[in-house]
Amino acid sequence: MKTSSTELANAIRALSMDAVQAANSGHPGMPMGMAEIAVALWNRHLRHNPDHPGWADRDRFVLSNGHGSMLLYSLLHLTGYALPLEELRRFRQLHSMTPGHPEVGVTPGVETTTGPLGQGIANAVGMALAERLLAAEFNRPDLAIVDHHTYVFLGDGCLMEGISHEACSLAGTLNLGKLIALYDDNGISIDGKVAGWFTDDTPKRFEAYGWHVIPAVDGHDVDAVDRAIQAAKAATDRPSLICCKTVIGKGSPNKAGSHDAHGAALGEKEVAATRAAIGWNHPPFEIPKNVYDGWDARAAGKRAERKWSKLFAQYTSQYSADAAEFRRRLAGDLPADFEQRVGRLIADAHAKAETLATRKASQNILETLLPELPELLGGSADLTGSNLTMAKASRVITREAGGNYLFYGVREFAMCALMNGVALHGGFIPYGGTFLVFSDYARNALRMAALMGKRVIYVFTHDSIGLGEDGPTHQPVEHAASLRLIPNMDVWRPCDTVEAAVAWTCALERRDGPSALLFSRQNVAFALRSEEALTQVRRGGYVLSDAPWAKAVLIATGSEVPLALAAQKRLAEADVPVRVVSMPSTTVFDRQDAAYRDGVLPANLPRVAVEAGVTDFWRKYVGLQGAVVGIDRFGESAPAGDLFKHFGFTAEHVEKAVRSVVP
Ligand SMILES: Cc1ncc(C[n+]2csc(CCOP(=O)(O)OP(=O)(O)O)c2C)c(N)n1
């Protein structure tokens, strides 16, 4: 007997309200309200294989309204993913596979970590972009090995968040036709009826972005949603938004339609009343066999993947080199000769000993690497000429054509959240640029990349007061330190062409997290270093210039390294030998073994740090007895040279700081 859509939907309702009740924590309203929409998509359209969640050509599904995580966990369990009922019972408990919000890597089938509203839809735009670009690069006539949709559920919260504007506006411009968003229009958010704070005409808003909009769909009518999805799939020239009218907490006699159903357990009594109202007579966490059978997506998933595998086998026989490259790209492996190439790049930089702005050094590196790394997907938030993120091999992505460089427009947050989506999709290593000071605009996307452990590279230029005349609005002061506070974020502030090349190398080689590369606007004198020092740059901190019988250690980063060297020279002339340590990446240095760290920073020597940023951060290296030459206020608008002098970034002042700590 075919299981009815109502039963399929009610299984989601029951699992969601029961799991939230068991945890006495969570959000039952959204899963109960989106249950029919989920049936339409997951039971009739979504192409996926629960036995192989990593299948390359699966449809991607993003739950942008991630607080409704029980919806996704119910779906994954019911369709046959390796997510046993036991894990649903342990919703939100320590080390369960069902954390409060969906987390990629924790639960099979979860494509991205969501919860911070608005970012899921931006991730989905990134995934749809990656699909489009990969298809343009690898598909051949009659051999569309990349051909899948990206579906996203979102609610009022996502649409209120500014990032949804940034991301959806760009998705419209790029005509991402395989992106299909389903909007849970229930008129409720945490504080109550959204009519008091959210009255946009959402369909008109998305039409203005150039989306294909299907308004006023009854979100509790599975067939209606099904038809809307069919129409959305047919509109291949634009992304689609399906606006579904729903009732939050649908099924709950006393809480449906109210914010009471949003973010708290319904309560034992109301759960029982809901069971009775929807005619679900099974005990908590018991799903009848016919319902499991109705949901089971494994056989269909296997068939779909098998079909694709045949296509890919044919592709492999006709285009074996492309097939191998496709596999490499999706595996995220760097080309076999990568190590040699970057080895040469670093050796060349060492030999040339050029004095350049580190942002320019970064561009030169891209000139060398881009032609060899087709997986690099670059871009900038409208600062290409300043970030120097483009190279000769960059090809601009347009709505008509693929490429490897995207003009993101002035959309820092969307850029970074899109890059997360691109990295999650696979096939690319995204990098994107803006001024360091505007990393704040994107900050939560940076945090999410770090949390998800994704290889995303940020090119943050104009990294200090050294940018000069643009003034304090544009001069980062606290940013380097504050980026270093994000767990799993590698932060590099290279001092010259060699360190810049090493920073890029390490960021590209790193598979388990993002890297922020901080580059200067202004020229920085090349730092001559020994062969031994050269090999140690990748350890994040190293002895750049030693002195026998050193009385102190001077630690510097980026554009302040030459200053430390100048101070060292003055001190040497006055018989105060000091060691200079260059510390391009404190985060990487901190991961080195204790013997190495102690070797670089001997415990018995007083320390002075020099960085054109807030001083607090450096206390962990210099201690309370040491000194920091930094800047604990906002900058000023003036030529860089004047600012460095004004704020005490002079060899004289650094010398004084050293003398203050040397006994
Ligand atoms: C960026 C961000 N801000 C705030 C929150 C807290 N929050 C979680 S759900 C929610 C309301 C969302 O409303 P809606 O999308 O309509 O969800 P529904 O009430 O329909 O479940 C808020 C403010 C969040 N998760 N992310």
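Below is a summary of the structure that appears in this document. What you see is a predicted model; the values in this text were computed from it and never measured.

One open sheet accounts for 5 strands, arranged β16-β18-β17-β19-β20; its pairing is mixed. With partners counted over all chains shown, the strands left at the sheet margins are β16 (542–545) and β20 (627–629), one partner each. Neighbour-to-neighbour, the strand axes of this sheet turn through a mean angle of 30°, independent of strand direction. Direction of pairing for strand β17 (residues 552–556) relative to strand β19 (residues 607–610): parallel, over a ladder of 4 bridges. In the sheet register, Val-553 faces β19, and the bridge partner there is Arg-607. On the sheet, helix α23 (residues 561–573) packs against β16, β17, β18 (578–582) and β19 and is oriented at approximately 175° with respect to β18. In the packing of helix α28 (residues 651–661) onto the sheet, contacts are made with β17, β18, β19 and β20, and the angle to β20 comes to roughly 175°.

Next up on the list: the sheet that holds strand β2 (residues 150–155). In spatial order, the strands read β1-β2-β3-β7-β6; together these 5 strands make up an open sheet with parallel pairing. A single partner strand is all that each edge strand has here, and the edge strands are β1 (60–63) and β6 (212–218). Taking each pair of neighbouring strands and ignoring which way they run, the sheet shows an average axis angle of 15°. Pairing between strand β3 (residues 179–185) and strand β7 (residues 240–245): 6 bridges, direction parallel. The partner of Ile-180 across the bridge, within β7, is Ser-240.

Applying the stated criterion across every chain, the model contains 4 cavities of 30 Å³ or more. Every residue lining the largest cavity is counted, 15 residues in all, and those nearest its centre are His-48, Asp-59, Tyr-81, Gly-109 and Glu-111. The set of elements that each furnish at least two residues to the lining of the largest cavity consists of β1 and α4 (69–79). Its volume calculated, the second largest cavity comes out at about 60 Å³. If you go around the second largest cavity, you meet 13 residues; those closest to its centre are Val-477, Ala-480, Glu-611, Ala-612 and Gly-613.

Turning our attention to the nonpolar core. If you look at the biggest cluster of nonpolar residues, it comprises 89 residues, and the most contacted ones within it are Tyr-431, Trp-504, Leu-508, Leu-554, Ile-555, Leu-601 and Phe-649. Looking at this core element by element, the count peaks at 9 residues for helix α21 (residues 497–509). Ranked by size, the runner-up nonpolar core spans 80 residues in total, among them Phe-312, Ala-381, Ile-397 and Leu-418.

What follows concerns the pattern of salt bridges. Counted under the stated rule, the structure contains 42 salt bridges. For Arg-44, the salt bridge identified is with Asp-223, shortest N-O distance 2.8 Å. Here Arg-44, found in helix α3 (residues 35–44), pairs with Asp-223, found in helix α10 (residues 222–234); they are 179 residues apart in sequence, far enough to count as distant. Here Arg-44 falls in the partly exposed class, since its relative accessible area comes to 32%. The closest approach of N and O atoms between Arg-89 and Glu-86, which form a salt bridge, is 3.5 Å. Here Arg-89 and its partner Glu-86 are both found in helix α5 (residues 85–89), 3 residues apart, which amounts to about one turn of the helix. The class of Arg-89 is partly exposed, set by a relative accessible area of 40%.

Reading the values: the criteria
- Note that residues are indexed from 1 along each chain, following the sequence as it is written.
- Local features in this predicted model are restricted to residues of pLDDT 70 or higher, and side-chain atom pairs are both shown and tallied only at a pLDDT of 80 or more, whereas totals for entire chains, interfaces and linings draw on every residue.
- The side-chain figures draw on all heavy atoms in the structure; neither hydrogens nor water molecules are used.
- One requirement defines pairing of two strands: DSSP has to find at least two bridges between them.
- A run of DSSP states H or I qualifies as a helix once it reaches four residues; a run of E qualifies as a strand once it reaches two. Both are numbered from the N-terminal end.
- Each axis is a line fitted through C-alpha atoms, taken for helices only over the stretch in contact, and angles between the N-to-C directions span 0 to 180 degrees.
- Should any heavy atoms of two residues lie within 4.5 Å, those residues are considered in contact.
- Using a 1 Å grid laid over the protein atoms alone, points where a 1.4 Å probe fits but cannot get out form a cavity; open sets with protein on both sides within 12 Å along at least 5 of 7 lines form a pocket; any residue with an atom within 4 Å of a point counts as lining.
- Grid points are joined across faces, edges and corners, and a volume is the space filled by probe spheres set on the points.
- Each nonpolar core is a collection of buried residues, namely Ala, Val, Leu, Ile, Met, Phe, Trp, Tyr and Cys, held together in the definition by side-chain atoms within 4.5 Å.
- Only protein chains enter the accessibility calculation, which uses a 1.4 Å probe; a residue is then buried when its area is under 20% of its type maximum, exposed when over 50%, and partly exposed in between.
- The salt bridge criterion pairs a side-chain nitrogen of Lys or Arg with a carboxyl oxygen of Asp or Glu, the two atoms within 4 Å.

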